[in-house]
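Chain by chain, the residues run as shown.
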Amino acid sequence: MKNYAKFFAVHLLAIFVFVPFTFSQTPTQPAKPPANSKPHVRTITAFINLDRSQYQLQFAETAKFLGYAKTVFESRGYTVETLRIVTQPFPEYTKGLSTDDAVRFFKNLDGLADQDHVRLAIGSAYLAGNDGDAQADLLAAALQNTKNIFGSLAVTNDAGINWPAVNAAARIIKTLSQTTAHSEGNFHFAANASVPPYSPFFPGAYHTGAGRQFAIGLASAGLLTTAAQNAPDLAAARRQIVDAFYNAAFDVEDAALRIDREQGWIYMGLDLSPASSQGASIGAAIETISKQPLGSSGTMTAVGVITSALKDIGARRTGYSGVMLPVLEDPTLADRWNQGRLSLDQLLSYSAVCATGLDTIPLPGDTTVEELARIIGDVATLSVKWNKPLSARLLPVKEKHAGEMTEFTDPYLINALIRPLPGKEQVQ
């Protein structure tokens, strides 16, 4: 019996000694790395004062700066989608040139932008001076003859709505719809109402400062959706959005201030607008909060929750910093538009609590200048009433009618159904 007890004790001790040793030698599977939760950087945008006598050198220096900034963000795990340059309002550096010479100059700028893989905004017409219509005509000519250039026209000023500018913007839209391939020229143009300088997002970007400044825009619709998921109520959704965007904004600011210190370019801030990207839809984010299809009751409330949350972020901000609803750049928005759940007037009403007004709206090709001016006038009226930045990027498609599909070729545009203008719907 004693021998048996001794035998049992020895073997039991061996088990306790051996088993841990055996487990420690068993290879473990490495933990799956977490998915990169950082939003994409939609754009790093540099603001410069262009000098016609040395613009090639300025472009080269700015492209080098943007390349450095991109490297800094990529080293921190960000994906950078685009690099952009914004000049002061183009009438300042085309003064004294004939229209033909100015268009040739813009073509040269377009070639440099293509060479350096950047997009270029040439500032705003009708922002200053008393030759607004001539500025508008030159802007239309520039956009007709280039592929990397974007531009805007200011339809409001300190006195309120500038109605001649509203009409000029409508004429530009009509001209570009008739003279550019697939009527895509209007993707590069916006009528700005109370839009502040230093937004990194196109086409409404402009500046009036000293230059050598930069701003950041994020493609953060996916971050917004993730933040709002599983929120039991609107208050919780708002808190979760604030927490997510607070962390994201200050991480971006930390990287941007490093660039500021090391390169001597002044960081103007982050446009907090949660832009869409491939696989990340602002429409889906709104539906996550409202728990209803976009266009249903509750949509405006959800948009208001997001806007309110973004206002609480204390990081250095610039531009719109609100909700963007670009119908043809967002798959959920495009689907709801095709289904008839969204209309032009609905989108305009949401602008009372969000940022961008009417963005990438497909319109029938026979939309008149007068009808376009009325739409832009509505956007401007809402902007002045609530003192908020709004814009209109309208896309009438030549020889297309309500009920037909667009046939855009730009990879950033989603083809969608052209709907009749409000008041022109067919009576069933």
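The rules behind these values
Residues numbered from 1 in each chain as written. Predicted model: local features only at pLDDT ≥ 70, side-chain atom pairs only at ≥ 80, totals over all residues. Heavy atoms only, no water. Pairing = 2+ DSSP bridges. Helix = DSSP H or I, 4+ residues; strand = E, 2+ residues; numbered from the N terminus. Axes fitted to C-alpha atoms, helices over the stretch in contact; angles between N-to-C directions. Contact = heavy atoms within 4.5 Å. Expected span 1.5 Å × (residues − 1). Core = buried A, V, L, I, M, F, W, Y, C linked by side-chain atoms within 4.5 Å. Buried < 20%, exposed > 50% of the residue type's maximum accessible area, 1.4 Å probe, protein only. Phe/Tyr/Trp six-rings, centres within 6.5 Å; stacked < 30°, edge-to-face > 60°. pLDDT = per-residue confidence, 0-100. Salt bridge = Lys/Arg side-chain N within 4 Å of Asp/Glu carboxyl O.

Attention shifts here to the sheet that holds strand β9 (residues 266-271). Reading across from one edge, β9-β8-β1-β2-β3-β4-β7-β11-β10 is the order of the 9 strands in this open sheet, with mixed pairing throughout. The strands lining the two open edges of the sheet, one partner per strand, are β9 and β10 (357-364). Shown here is a sheet whose adjacent strand axes are inclined to one another by a mean of 25 degrees, direction ignored. Bridge count between strand β3 (residues 119-125) and strand β4 (residues 149-154): 4 bridges; the pairing is parallel. Opposite Ala125, over in β4, you have Leu153 as the bridge partner. Across the sheet, helix α5 (residues 132-144) touches β3, β4 and β7 (189-193), and the angle it forms with β4 is around 160 degrees.

Okay, helix α10 (residues 299-311) next. A rise of 1.5 Å per residue sets the reference length of α10, with its 13 residues, at 18 Å; its end C-alpha atoms lie 19 Å apart and thus fit the reference within 8%. Summarising the contacts, the buried residues of α10 are in contact with α7 (221-228), α8 (234-263), α9 (282-290) and α12 (344-350).

Our next topic: the nonpolar core. Formed by 119 residues in total, the largest nonpolar core has its most connected members in Phe73 and Leu153. Top contributing element to this core by residue count: α8, with 10 residues. Beyond its immediate chain neighbours, meaning those up to four positions away, Phe73 contacts Val41, Ile44, Tyr78, Val80, Ile216, Val252, Ala255, Ala256 and Ile259.

Our next topic: helix α4 (residues 99-115). With 17 residues, α4 should cover 24 Å at 1.5 Å per step; its first-to-last C-alpha distance of 24 Å lies within 8% of that length. After α4 finishes, the residue His117 shows a positive phi value of roughly 55 degrees.

Looking now at the packing of aromatic side chains. Taken as a whole and assessed by the stated rule, the structure comprises 11 aromatic pairs. Considering the side-chain rings of Phe90 and Phe106, the 6.0 Å spacing of their centres and the 75 degrees angle between planes classify their relative orientation as edge-to-face. Taken as a pair, Phe90 in the loop between β2 (80-87) and α3 (91-94) and Phe106 in helix α4 lie far apart in primary sequence, 16 residues in all. Accessibility classification places Phe90 together with Phe106 in one group, the buried group. Between the aromatic rings of Phe105 and Phe106, the centroid separation amounts to 6.4 Å while the plane-to-plane angle is 50 degrees, which identifies the pairing as tilted. Residue Phe105 is classed as buried on the basis of its relative accessible area, which comes to 7%.

Examined against the element boundaries, Arg212 turns out to sit in the loop between β7 and β8 (213-219). The sequence separation of Arg212 and Pro326 amounts to 114 residues, and the corresponding C-alpha distance is 29 Å.

Okay, the confidence of the model for the protein chain next. Taken over all residues, the pLDDT of the protein chain has a mean of 91, while the share at 70 or more is 91%. With pLDDT under 50 throughout, residues 1-36 is counted as low confidence; its partners more than four residues away or in other chains account for 2 contacts.

As enumerated under the stated definition, the model contains 14 salt bridges in all. As a salt-bridge pair, Arg42 and Glu81 come within 2.7 Å of each other at their nearest N and O atoms. Of this pair, Arg42 sits in strand β1 (residues 40-48) while Glu81 sits in strand β2, and the two are 39 residues apart along the sequence. In this structure, the salt-bridge partner of Arg238 is Asp312, at a minimum N-O distance of 2.7 Å. Of the two residues, Arg238 is situated in helix α8 and Asp312 in the loop between α10 and α11 (331-338); the sequence distance between them amounts to 74 residues. Under the relative-accessibility criterion, Asp312 is labelled partly exposed at 45%. Within the structure, one salt-bridge network assembled from shared partners comprises Glu329, Asp359 and Arg393.

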